Amino acid sequence: MFIKGGNANSAVTEALKDIYALKKPFAVLYKKKNISRPFEDPTSLEFFSKKSDCSLFLFGSHNKKRPNNLTIGRMYDYHILDMVELGIEKFVRLRDIKNSKCPEGTKPMLIFAGDAFDLSEDHRRLKSLLIDFFRGPAVPSVRLAGLEHVLHFTAVDEKIYMRSYKVLLKKSGCKIPRIELEDMGPSLDLVIRRTHLASDDLYKLSLKQPKALKPKKKKNISHDVFGTKYGQIHMQKQDLDKLQTRKMKGLKKRPAEKKTGNEHSLKKAKLG
C-alpha cells in the first residue's frame, strides 16, 4: 500500500505514483493525505494494513529536518516488523524518460550490487524488504518474452541507487537472443536515514510457515534434476504360468507337455 503523509510535497507524491505504477495492479494507492509519523506512532499504518489487507507499505513525507522522505516497511500479523527510512537525493520521473514502458503487472527481475548488502545488517534487512516489496506474485514458470523488466539496486556506503530498465531481445544469429537494457524510469538516488528492525526472535517467528502451507512429502515419489516425476509401485508377486499371452498356435502346449505339467503339480500336492 502507498500512503501520502500530511505534509508530502510534489517530489514525494510523484515518487509514490511512479513506484505505484511499477506495482500495479498488485497495490493500493491512498490519494488523500494522512497525518502519521511511522517511527513515533505506527498505529495508523497498522489500521490501513488491516483495512486493505496489505503487509507491505511505502509512506511518503516531507519536513525541514527530513526532506523528501520515503519510509518502506512490512507488517507481521498487522504490526510493524521492519521499517527503513530513505531520503530522496535525486529523482527522475517515469514520464521524463521517453522510452517505451513495460506492460502493467510485469514481474521484475531484481539485481543487487554492492558488498554492503552482505556485510551490514541494516543493508541485509533492506535487501530482504526490497525483494518482498517488488518481487510480485509467485509463479511456477516464466516464458523468455515475459522477462521484460529489470530493477537494479546498488549499495555504496549509506546510499542506495535504484534504476529501472526494460529488457530488449535483439537478433543474435543463434537461438539465444542478444540482450540490451533500455532505461525506462523511475530513477532514484536514496540515502538511508533511520531504521526500525525486528528482533532476531520475532524475525524468525515471522519466517515460519503454517503446517497447512508446507508441501506434504509423498511416499515412493521422486524427481530428477530435470523435474521429471518418478513413482515406485509395489505389486504382489505374479504367477507367470497364469499370465494371459497372445493366443498363437506356436505357443500352445502339446499334449505331452500338459501331461508332465499335471504330474508335476500332483507330486507337489502329495509332498504338501
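Residues numbered from 1 in each chain as written. Predicted model: local features only at pLDDT ≥ 70, side-chain atom pairs only at ≥ 80, totals over all residues. Heavy atoms only, no water.

- As recorded by an unreviewed UniProt entry, the chain carries the name Ribosome production factor 2 homolog and is attributed to Eublepharis macularius.
- Under the UniProt heading Subcellular location (unreviewed entry), the note attached to the chain is "Nucleus, Nucleolus". (UniProt positions renumbered as here; feature names shortened; annotations may be inferred.)

1. Remarks on the overall build of the chain
Consideration 1: What the chain contains, in helices and strands, is 6 helices and 12 strands.
Consideration 2: Across the 272 residues that make up the chain, the buried fraction comes to 31%.
Consideration 3: Relative to all contacts within the chain whose residues are 6 or more apart in sequence, the contacts with residues 24 or more apart total 65%.
Consideration 4: In the structure as shown, the chain presents an accessible area of about 19200 Å², 54% of it carried by carbon and sulfur atoms. (Helix = DSSP H or I, 4+ residues; strand = E, 2+ residues; numbered from the N terminus. Buried < 20%, exposed > 50% of the residue type's maximum accessible area, 1.4 Å probe, protein only. Contact = heavy atoms within 4.5 Å. Areas by Shrake-Rupley, 256 points an atom, 1.4 Å probe, with all protein chains shown as cover.)

2. What to know about a nonpolar patch on the surface
Consideration 1: A cluster of nonpolar side chains, contributed by Leu 144, Leu 169, Ile 179 and Leu 181, occupies part of the molecular surface with about 370 Å² of accessible area.
Consideration 2: Relative to the assigned elements, Leu 169 resides in strand β8 (residues 159–170). (Patch = residues over 30% accessible without salt bridge, like charges linked within 9 Å, V, L, I, M, F, W, Y side chains within 5 Å. Salt bridge = Lys/Arg side-chain N within 4 Å of Asp/Glu carboxyl O.)

3. Let's talk about the side chain of Arg 74
Consideration 1: Relative to the helices and strands, Arg 74 is located in strand β4 (residues 69–76).
Consideration 2: Polar contacts involving the side chain of Arg 74 include one to the side chain of Asp 82, which spans 2.9 Å.
Consideration 3: Look past the residues within four positions of Arg 74 in its chain and what remains in contact with it is Ser 55, Leu 56, Phe 57, His 79, Ile 80, Leu 81, Asp 82, Arg 125, Ser 128, Leu 129, Asp 132 and Tyr 203. (Polar contact = N/O pair within 3.5 Å; in protein donor to acceptor, adjacent residues only side chain to side chain.)

4. What about the pairing of strand β10 (residues 187–196)?
In regular strands, side chains alternate between the two faces of the sheet.
Consideration 1: As paired elements, strand β5 (residues 79–92) and β10 share 8 bridges and run antiparallel to each other. Of the residues in β10, the one forming a bridge with Lys 90 is Asp 189.
Consideration 2: In terms of strand pairing, β8 meets β10 through 4 bridges, oriented antiparallel. In the sheet register, Tyr 161 faces β10, and the bridge partner there is Asp 189. (Pairing = 2+ DSSP bridges.)

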